[in-house]
Amino acid sequence: MKLQEIIKQCGFELKTQNENLNRDVTGGYSSDLLSDVMANAKDGNIWTTLQTHSNIVAVAVLKNLAGIILVNNRVPEEGTLAKANEENIPIMTTKLSTFEIVGKLYELGIKGN
Amino acid sequence: METKFDKTVEILFELKLSDVMRRDIITIGPKDKMSVLQRTLQKHRISGVPVVNDGTLVGIISIEDLIKWLSDGGRDCSIEDIMSKNLQCLYADQPLMHAVKKFDQFGFGRFPVLERESGKLVGIITRGVIINGTLNRLAMEYQDEEIRQYRASHFFGDITADQKNVSLKFKIAGKDFDNAGKASTTMKKNLKRLGIRPDIIQRVAIASYEAEMNVVIYTGGGSMLYNITEDKISIKVTDNGPGIDDIEKAMQPGFTTSESWVKELGFGAGMGLPNIKKCADKMDMQSKVGVGTTLKIEIFIGEDDEAARNY
């Protein structure tokens, strides 16, 4: 499923100015430990986290992730957004908790890897 | 096929009419005689011309109009009596895609192109012009891609020496979380340019990031030295302390000495060193408390190696 479609279906608020919303999302990963994401997320995954600092962008770039979803109404720090725009990593926000949003994504067919 | 098609469509949206249209427009006046039209079309080997009066576009006339006029008897009269005045125009700032749609819609052979503000005739567009413009752009991009790929994959092959290696060094500032990860993300791009295989880049990126974060989180700063040869990528990470007391313990998954504020940021979960080990073909760490730590990581570029299979 394309990222664009997921954003629409889940009602995410897109915080970055991205051009690469046409990417196919290969699956998802949920974690707030960056090392865990580094070790276990897969190419093209969408990532849910409550971390908002700029290092989430570095992790997403290094793992070639499709995008980052910030849960529980969290907003990205300013530096995070600047970096995400520069690296073309989409960051979205939702008011739902990790548990709820993962359930929703799973229903859409976005599975873990 | 699909990617090729997508690329063509992309180009049709990217290119503006002003990029491809013919600017050396041959025109004719409304008071000119039809016999002039015949000579003009013959001389320039074209099938239609815009009719312009004092710089203003007033109509368009084509070879079909000429044939119809001839079959009706060919009585000499002015262009303005025959030309079509119901004009369909395009604007120079429109994407080429608009022109393609318009050709489909009207089936005409050509459209005059106007400048949007002044309404002045600035060019003419035909199907041939669209095809040429698109092919030229495709050829250009293909050439760029070829050159880029050539440079990358032949980087080592083209340079002759007994031993070849590329060394790149980065300074890492301690506790600077804003810039943390920069060395690793930059290196990922560099390795891509060097034409290194994606699965190798991925392993280098993970090992490099974890090592970089260790320097940021636990030390006062240090450096990372990347060394790329034909058969391996080595990373040497050096810091100036505090040093690790028990390396064996530090290597255990989940063991950490980090403070709680670091953990809250999602770091310091005791997974960094085990992650590096998983990605590396060789890993060696030497440390002295009060002096510093040196971590050496090697990832082989060979076709088939154990870590790559297990990864």
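Predicted, not measured: the structure shown is a model, and the values here were computed from it.

Novice: Tell me about the interface of chain B and chain A, and please be specific about residues and values.
Specialist: Interface size is often expressed as the accessible area that is lost when the parts come together. Each side of the interface is counted separately: chain B has 18 residues, and chain A has 15 residues. Going through the elements one at a time, helix 9 (182–193), helix 10 (198–218) and helix 13 (272–279) of chain B are the ones with two or more residues in the side of chain B that touches chain A. Looking at which element gives the most residues to the side of chain B that touches chain A, the answer is helix 10 of chain B, with four residues. Grouping the constituent residues of the side of chain B that touches chain A by class yields nine nonpolar, six polar and three charged.

Novice: An account of unusual backbone geometry is needed here, citing residue identities and associated values.
Specialist: Residue Pro-242 of chain B is reached from Gly-241 of chain B by a cis peptide bond, and omega for that bond is 20 degrees. For Pro-242 of chain B, the location among the structural elements is in the loop between strand 8 (232–239) and helix 11 (247–250). Backbone geometry places Asn-64 of chain A, a non-glycine residue, at a positive phi of 55 degrees. Topologically, Asn-64 of chain A is positioned in the loop between helix 3 (55–62) and strand 4 (67–70). Positive phi, close to 50 degrees, is recorded for Arg-45 of chain B, a residue that is not glycine. Following the sequence through the fold, Arg-45 of chain B ends up in the loop between helix 3 (34–44) and strand 1 (48–53). By C-beta crowding, Arg-45 of chain B is classed as exposed, having 6 other C-beta atoms within 10 Å.

Novice: Please provide a residue-by-residue account of the nonpolar core, values included.
Specialist: Within the largest apolar cluster, 65 residues are counted, with the highest numbers of intra-cluster contacts made by Ala-60, Ile-68 and Ile-69 of chain A together with Val-204, Ala-207 and Ala-211 of chain B. The leading source of residues in this core is helix 10 of chain B, at 13 residues. Those residues in contact with Ala-60 of chain A, other than ones at most four positions away along the chain, are Trp-47, Leu-65, Ile-68 and Ile-89 of chain A. Ranked by size, the runner-up nonpolar core spans twelve residues in total, among them Val-20, Met-21, Leu-96 and Val-113 of chain B.

Novice: With reference to specific residues and values, describe helix 9 of chain B.
Specialist: The terminal C-alpha atoms of helix 9 of chain B, which comprises twelve residues, lie 17 Å apart, in line with the 16 Å expected from a rise of 1.5 Å per residue. Three or more residues of helix 9 of chain B are buried, namely Ala-183, Ser-184, Thr-185, Met-187, Lys-188 and Leu-191 of chain B. As for helix 9 of chain B, its buried residues are in contact with helix 3 of chain A together with strand 6 (165–173), helix 10 and strand 7 (221–229) of chain B. Directly beyond the C-terminal end of helix 9 of chain B, a positive phi value near 80 degrees is found at Gly-195 of chain B.

Calculation rules
Residues numbered from 1 in each chain as written. Chains lettered and ligands numbered in written order. Predicted model: local features only at pLDDT ≥ 70, side-chain atom pairs only at ≥ 80, totals over all residues. Contact = placed C-beta atoms within 7 Å. Helix = DSSP H or I, 4+ residues; strand = E, 2+ residues; numbered from the N terminus. Nonpolar A, V, L, I, M, F, W, Y, C, P; charged D, E, K, R; others polar. Buried ≥ 20, exposed ≤ 12 C-beta atoms within 10 Å, placed from the backbone. Core = buried A, V, L, I, M, F, W, Y, C linked by C-beta atoms within 7 Å. Expected span 1.5 Å × (residues − 1).

By themselves these figures say nothing about function.
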